[in-house]
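Structural description and commentary
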Amino acid sequence: MNTLKLGWVGLGNMGNPMVMNLLKAGFEVTVFNRTKDKEAPLIQAGATTANSLKELMEKCDVVITMLSNDDAVKEVFESQTGLLSKEFLGKTIINMSTVSPETSRYLASSCNTHQVHFIDAPVSGSVKPAQDGTLVILVGSAIADYELAKPIFDALGKVAIHVGNAGVASSAKLAINFLLGLNLQGLAETVLFAENNGVSKEDMLNIINAGACGNGITNIKAHSILNDSYPAAFALKHLVKDLRLAKEAGLDSPLIHPLFNSYATAEKEGLGDQDVMAILSSLKKKH
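I will try to describe carefully the structure that is included in this document. (Residues numbered from 1 in each chain as written. Predicted model: local features only at pLDDT ≥ 70, side-chain atom pairs only at ≥ 80, totals over all residues. Heavy atoms only, no water.)

A closer look at the pairing of strand S5 (residues 92-95)
In plain terms, the rule: Throughout, exposure labels follow a simple rule: accessible area from a 1.4 Å probe, protein chains only, divided by the maximum for the residue type, with under 20% read as buried, over 50% as exposed, and the rest as partly exposed. Each helix is a run of H or I in the DSSP string that is no shorter than four residues. Each strand is a run of E no shorter than two, and both are numbered from the N terminus. Two strands qualify as a pair provided that DSSP identifies no fewer than 2 bridges between them. The definition of a right-handed crossover adopted here requires that, viewed with the strands pointing away, the path from the first strand over the helix to the second runs clockwise.
On S5, burial covers both faces: Thr92 and Ile94 on one face and Ile93 and Asn95 on the other are all buried. Strand direction decides the pairing type here: strand S4 (residues 62-65) and S5, joined by four bridges, are parallel. By the bridge assignment for S5, Thr65 is matched with Asn95. A crossover connection joins S4 to the parallel S5 through helix H4 (residues 70-78); in handedness this β-α-β unit is right-handed.

Description of the side chain of Ser110
Here is the rule: Working rule for contacts: check all heavy atoms of both residues, and any pair within 4.5 Å makes them a contact.
Along the chain, the position of Ser110 falls in helix H5 (residues 101-113). The buried category is assigned to Ser110, whose relative accessible area is 10%. Setting aside chain neighbours within four positions, we find Ser110 in contact with Glu78 and Leu84.

A closer look at the nonpolar core
Cut-off, in case you're wondering: Buried Ala, Val, Leu, Ile, Met, Phe, Trp, Tyr and Cys residues that are joined via side-chain atoms within 4.5 Å together make up what is termed a nonpolar core.
If you look at the biggest cluster of nonpolar residues, it comprises 34 residues, and the most contacted ones within it are Trp8, Met96 and Phe153. Going through the elements one at a time, strand S1 (5-9), helix H1 (15-24), strand S2 (28-32), S4, helix H6 (127-132), strand S8 (135-140) and helix H7 (143-156) are the ones with two or more residues in this core. A total of six residues in this core trace back to one element, the largest contributor, which is H7. Discounting chain neighbours no more than four positions away, the residues touching Phe153 are Ile94, Met96, Ile119, Ala121, Ile137, Val139, Tyr146 and Ala160. Core analysis: the next-biggest nonpolar cluster, separate from the first, contains 32 residues, Ala188, Ile225, Val240 and Ala264 among them.

Below is the structure:
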């Protein structure tokens with residue numbers, strides 16, 4: 001039984017399976033979600049519920065947030081009833097949401113003012129790795145805080161990489177999601193070019209995945225491409241957000257601008273709630 005008492009805020013597609021893995025690892029977990037129905041399967045699995053963010057902080061040693069964007073995270077931290085609405089000296093908050101490096105540094109400073117430890121820990125991986133406990137966790141914090149949180153990260157991922165202070169981990173997350181976007185855009189364009197020239201998508205995917213150009217993501221997305229079906233493992237709208245954050249953080253390379261425009265167009269076409277691989281559907285309209 002792990003002795004750290006954990007709190008969790010945010011039970012979306014990622015949060016729910018991550019909490020399940022913490023429960024399986026023997027952690028005592030208290031959850032808080034505005035939509036209480038989302039708590040039910042976790043409570044059945046052994047979690048308890050808090051009626052407020054204050055209560056969550058009072059009951060727990062470490063509180064983890066997994067939310068959709070910067071504004072949602074800031075509200076949870078700083079609203080009148082938020083995590084920092086009173087003094088919780090010596091407690092730890094881990095933000096595993098993808099936010100801007102600027103927001104991570106701001107949250108770290110705010111926590112420091114309240115004498116609360118802060119860990120910036122976004123994850124690389126989508127729903128299946130979250131379910132399997134094989135996420136890659138990018139950590140920005142003091143070394144002592146990283147060591148405290150390491151058993152938590154071990155339950156959630158296959159590796160936790162300490163990359164520096166708060167904000168550095170968020171930069172690493174934006175960088176890896178830029179590469180993700182490039183991979184999927186390239187895969188979609190390759191399959192479409194091949195199809196338009198008489199090569200079936202089945203054959204082209206076999207060529208890709210049997211050779212040096214194949215990788216984990218091209219293998220994972222092959223099923224969706226073959227079935228022309230894109231249920232969200234990682235929603236396209238979230239990649240649009242992450243590419244925008246990367247641009248705002250200073251990414252000004254030759255590929256970021258057309259890549260962002262391509263995904264932003266797909267979101268405007270109504271594909272935002274589908275998986276990132278739905279970029280293929282958007283591109284198909286142009287061919």
